[in-house]
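This is what each chain is made of:
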Amino acid sequence: FYPAPELARSISQTAQLNASDTADLISGFVADALRAQGFNVVPPSDVTALFANKGLPLPRLDPRAAGPVLSTEFGATAVLVGKVYRYREREGQALGSLRPASVGYEHTLFDGRGTRRLWNARFDETQQPLTADVFNAQRYPGGGRRWLTAAELARWGADAAAQALAGHR
């Protein structure tokens, strides 16, 4: 996952993560969610280490550069690339928030050569208060009874995308 330029502007001043760390966090959530759905996933850290050891730049959003290397080195049959464009932590606590968490990212699955798009998903969510729409709030983890952190919101999006992809097998 790649941190889009606008990501740095969306990260709260009090956040513990920078844009690159945030992209790595989302990458880990997506990898975990795919693994939980039964997909064989090369850990993102292994991909980063491979390109570093070969002295190659990490092809963040270029599946054509990543695909052949990952196919050869790991036997990958598909390559997932993505970008994170918003990660804003809630202001407040689980039971009372001044501003809700907001997360936005997208990812695309390409064939092993990186030439053909197989699937894509976009997660763009700002948690809405229970008072905005009682029925909508029920879809959040915890049934909308508490304010989620940005990490919880991002993980929820990753799980939903992995389930959708598993349904396309």
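The structure this text deals with has already been given above.
Keep in mind the model is a prediction, meaning the values are calculated, not measured. (Residues numbered from 1 in each chain as written. Predicted model: local features only at pLDDT ≥ 70, side-chain atom pairs only at ≥ 80, totals over all residues. Heavy atoms only, no water.)

> Help me understand the sheet that holds strand S1 (residues 2-3), please; the structure alone is not making it clear to me.
Strand pairing within a sheet occurs via backbone hydrogen bonds; the two strands may be parallel or antiparallel. The four strands are arranged S1-S2-S5-S6 in an open sheet whose pairing can be described as mixed. Strands with a single pairing partner mark the edges of an open sheet, and in this sheet they are S1 and strand S6 (117-126). Two strands pair when backbone bridges link them, and strand S2 (residues 78-88) and strand S5 (residues 102-111) are joined in this way by 10 bridges, in the antiparallel orientation. By the bridge assignment, leucine 80 is partnered in S5 with leucine 109. (Pairing = 2+ DSSP bridges. Helix = DSSP H or I, 4+ residues; strand = E, 2+ residues; numbered from the N terminus.)

> Looking at this model, I keep getting lost on the environment of isoleucine 11. Mind explaining?
Structurally, isoleucine 11 can be placed in the loop between helix H1 (7-10) and helix H2 (19-36). Given the relative accessible area of 12%, isoleucine 11 is considered buried. Excluding residues that lie within four positions of it along the chain, isoleucine 11 makes contacts with Leu17, Asn18, Ala19, Thr22 and Tyr87. (Buried < 20%, exposed > 50% of the residue type's maximum accessible area, 1.4 Å probe, protein only. Contact = heavy atoms within 4.5 Å.)

> Looking at this model, I keep getting lost on the environment of alanine 121. Mind explaining?
Within the secondary structure layout, alanine 121 lies in strand S6. Look at alanine 121 and you get buried, because its relative accessible area is 14%. As a C-alpha pair, alanine 121 and tyrosine 105 span 16 residues in sequence and 8.6 Å in three-dimensional space. Ignoring any residue separated from it by four or fewer positions in sequence, one finds alanine 121 in contact with Tyr105, Glu106, His107 and Ala161.

> Hey, could you run me through the nonpolar core in this one?
For soluble globular proteins, the rule of thumb is that nonpolar side chains tend to be buried together. Ranked by internal contacts, the top residues of the largest apolar core, which has 28 residues, are Ile26, Val103 and Tyr105. The set of elements that each furnish at least two residues to this core consists of H2, S2, S5, S6 and helix H6 (150-166). In this structure isoleucine 26 touches Phe1, Val84, Tyr87, Val103, Tyr105 and Ala154, once residues within four positions along its chain are discounted. One finds Val47, Phe51, Val81 and Phe110 within the second-largest nonpolar core, a separate group that totals 10 residues. (Core = buried A, V, L, I, M, F, W, Y, C linked by side-chain atoms within 4.5 Å.)

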